[in-house]
Amino acid sequence: MNRGLLSIAKKLNKQVDVPTSCAPNSKLFVAGLSWSVDEKSLKDAFCSFGEVTEVYLVDACDLVRIMYDKDSGRSRGFGFVSFSKEDQAVSAKDAMDGKALLGRPLRISFALEKVRGGPVVVPRVPNTGGTPDRNH
DNA sequence: GTTGAGCGTT
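Report on the accompanying structure.

Here is what the cut-offs are and how they apply
Residues numbered from 1 in each chain as written. Chains lettered and ligands numbered in written order. Predicted model: local features only at pLDDT ≥ 70, side-chain atom pairs only at ≥ 80, totals over all residues. Heavy atoms only, no water. Helix = DSSP H or I, 4+ residues; strand = E, 2+ residues; numbered from the N terminus. Contact = heavy atoms within 4.5 Å. Areas by Shrake-Rupley, 256 points an atom, 1.4 Å probe, with all protein chains shown as cover. Phe/Tyr/Trp six-rings, centres within 6.5 Å; stacked < 30°, edge-to-face > 60°. Buried < 20%, exposed > 50% of the residue type's maximum accessible area, 1.4 Å probe, protein only. Arc of directions from axis to C-beta. Core = buried A, V, L, I, M, F, W, Y, C linked by side-chain atoms within 4.5 Å.

**Considerations on the overall build of chain A**
Piece 1. Within chain A, the regular secondary structure consists of three helices and eight strands.
Piece 2. For chain A, the sequential pattern of α-helices and β-strands runs α-β-α-β-β-β-β-α-β-β-β.
Piece 3. At a minimum sequence separation of 6, the contacts of chain A that also span at least 24 residues come to 62%.
Piece 4. For chain A, the exposed area adds up to about 10,900 Å²; of that, 54% sits on carbon and sulfur atoms.

The structure is reproduced here in structure tokens:
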């Protein structure tokens, strides 16, 4: 037995699991956008990875959403891009992350599963004391 | 006319 190899193997056997926040999914969090970047520009930048058909270019991204400030109406500089397949999202991230759009470098990360309104509560009748017999 | 890390419905 070679303990040296075991030691090295143990060192190499490091945890490779990534946090859920960084887990690849079909949604991408794009930040570092310029103030003048709109959804159209972002879509044009990301949907270039779509599949090319005989006639049209199929957009890979299903949804492109940029967060705007409701007070001033200007973009907050970040947005979200949704893809049909995780592979496309990973490819798009790998290809566009670190690149520059409209003069500003992009910071792309996998989006968190954020839902409007926060944690959704299962609709349930607040009557947990058991259903009392109304008239019987 | 401004600012620059971030995780969402403007």
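**What to know about the packing of aromatic side chains**
Piece 1. Under the criterion given, the structure shown has four aromatic pairs.
Piece 2. Arranged with centres 5.4 Å apart and planes meeting at 50°, the rings of Phe29 and Phe80 form a pair that is tilted. In this pair, Phe29 is assigned in strand β1 (residues 27-31) and Phe80 in strand β5 (residues 75-83), connecting sequence segments 51 residues apart.
Piece 3. Look at Phe29 and you get partly exposed, because its relative accessible area is 25%.

**Considering helix α3 (residues 86-96)**
Piece 1. Here α3 has its buried residues at Gln88, Ala89, Ala92 and Met96. Relative to the axis of α3, the buried residues are bounded by an arc of 100° and lie together on one face. Exposed residues lying more than 90 degrees from the buried face of α3 are Asp87 and Asp94.
Piece 2. Positive phi shows up at Gly98, right after α3, with a value of about 95°.

**A word on unusual backbone geometry**
Piece 1. Even without glycine at this site, Leu102 takes up a positive phi of about 60°.
Piece 2. Mapping Leu102 onto the fold places it in the loop between β6 (100-101) and β7 (104-105).

**Re helix α2 (residues 39-46)**
Piece 1. Buried within α2 are the following residues: Leu42, Ala45 and Phe46. Summarising the axial view, the buried residues of α2 lie within an arc of 90°, below the 170-degree limit, and thus occupy one face. Summarising the geometry of α2, the exposed residues directed more than 90 degrees from the buried face are Lys40 and Asp44.

**What to know about the nonpolar core**
Piece 1. In terms of nonpolar packing, the biggest core is built from 18 residues, with Leu28, Val30, Leu33, Leu42, Phe46, Val81 and Leu106 touching the most fellow members.
Piece 2. Among the elements of the structure, β1, α2, β4 (61-68), β5, α3 and β8 (107-110) are those that each provide at least two residues to this core.
Piece 3. Apart from the residues lying within four places of it in its own chain, the contact partners of Leu33 are Leu42, Ile66, Gly77, Phe78, Gly79, Leu101 and Leu106.

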